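# Summary of the model geometry
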Amino acid sequence: MQSNITVKVREIIAGHFGIDLERVTDEARFRDDLGADWLDRLEVIIAIEDQVSGFELADVVADQIDTVGDLMRVIEGGN
């Protein structure tokens, strides 16, 4: 079962890219699978920071995120 944060983050990603929620899997790569360039990825991260209380992501860490699962691990780990 997915946590409320996981569901919320996946909804934000799906909404930003205008895709079905089912496409937002842990294995989905932002660039290859979701068609995101670096600006899209940055916009999604900013949207998540705005909507998920207490979450903030350092730029260095943001550059290392390749998949939705990578992002979820960072969020759930509190980094």
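Data block above holds the structure.
Here goes a summary of the coordinates provided. (Residues numbered from 1 in each chain as written. Predicted model: local features only at pLDDT ≥ 70, side-chain atom pairs only at ≥ 80, totals over all residues. Heavy atoms only, no water.)

## What about the overall build of the protein chain?
Within the protein chain one finds four helices and zero strands. The C-alpha atoms of the protein chain give a radius of gyration of 11 Å, which matches the 12 Å a tight globule of 79 residues would have. Overall size of the protein chain, expressed as C-alpha extent along the three principal axes, is 30 × 25 × 20 Å. Summing over all exposed atoms, the protein chain offers an accessible surface of approximately 5,000 Å²; the carbon and sulfur share of this is 46%. (Helix = DSSP H or I, 4+ residues; strand = E, 2+ residues; numbered from the N terminus. Rg over C-alpha atoms; globule rule 2.2 N^0.38 Å. Areas by Shrake-Rupley, 256 points an atom, 1.4 Å probe, with all protein chains shown as cover.)

## A short note on the nonpolar core
Counting 24 residues, the largest nonpolar core has I13, F30, I48 and L71 as its most contacted members. Those elements that provide at least two residues to this core are α1 (4-17), α2 (38-51) and α4 (68-77). (Core = buried A, V, L, I, M, F, W, Y, C linked by side-chain atoms within 4.5 Å. Buried < 20%, exposed > 50% of the residue type's maximum accessible area, 1.4 Å probe, protein only.)

## Quick word on the side chain of T6
For T6, the location among the structural elements is in helix α1. Here the side chain of T6 touches S3 through a polar contact of 2.9 Å, side chain to side chain. Those residues in contact with T6 that sit more than four places away from it in its chain are M72 and E76. (Polar contact = N/O pair within 3.5 Å; in protein donor to acceptor, adjacent residues only side chain to side chain. Contact = heavy atoms within 4.5 Å.)

## Comments concerning α2
In an α-helix, one full turn covers 3.6 residues, which means residues spaced three or four apart are oriented alike. With 14 residues, α2 ought to run about 20 Å at 1.5 Å a step, and its terminal C-alpha atoms sit 20 Å apart, in line with that. Taken residue by residue, α2 has V44, I45 and I48 as its buried positions. All buried residues of α2 project into a common sector of 100 degrees when viewed along the axis, lining one side. Where the residues of α2 are buried, they touch α1, α3 (59-62) and α4. Between the side-chain oxygen at the start of α2 and the backbone nitrogen of L39 there is a gap of 3.0 Å, and the oxygen is on D37. (Expected span 1.5 Å × (residues − 1). Arc of directions from axis to C-beta.)

## A few points about the packing of α1 against α2
Viewed as axis vectors pointing N to C, α1 and α2 meet at an angle of 140 degrees, and their least axial separation amounts to 10 Å. Relative to α2, α1 is oriented oblique. In the crossing of α1 with α2, the sense of the turn from one axis to the other is right-handed. Residues K8, V9, I12, I13, H16 and F17 of α1 lie in contact with α2, whose contacting residues are D40, E43, V44, A47, I48 and Q51. Of the residues contributing to the contact of α1 with α2, the split by class is seven nonpolar, two polar and three charged. (Axes fitted to C-alpha atoms, helices over the stretch in contact; angles between N-to-C directions. Parallel < 35°, antiparallel > 145°, perpendicular 65-115°, else oblique. Left-handed = near helix turned anticlockwise from the far one by under 90°. Nonpolar A, V, L, I, M, F, W, Y, C, P; charged D, E, K, R; others polar.)

## Things to note about the environment of A62
Position of A62 among the secondary structure elements: in helix α3. The class for A62 is buried, based on a relative accessible area of 11%. What A62 contacts, discounting residues up to four positions off in sequence, is R41, I45 and L57.

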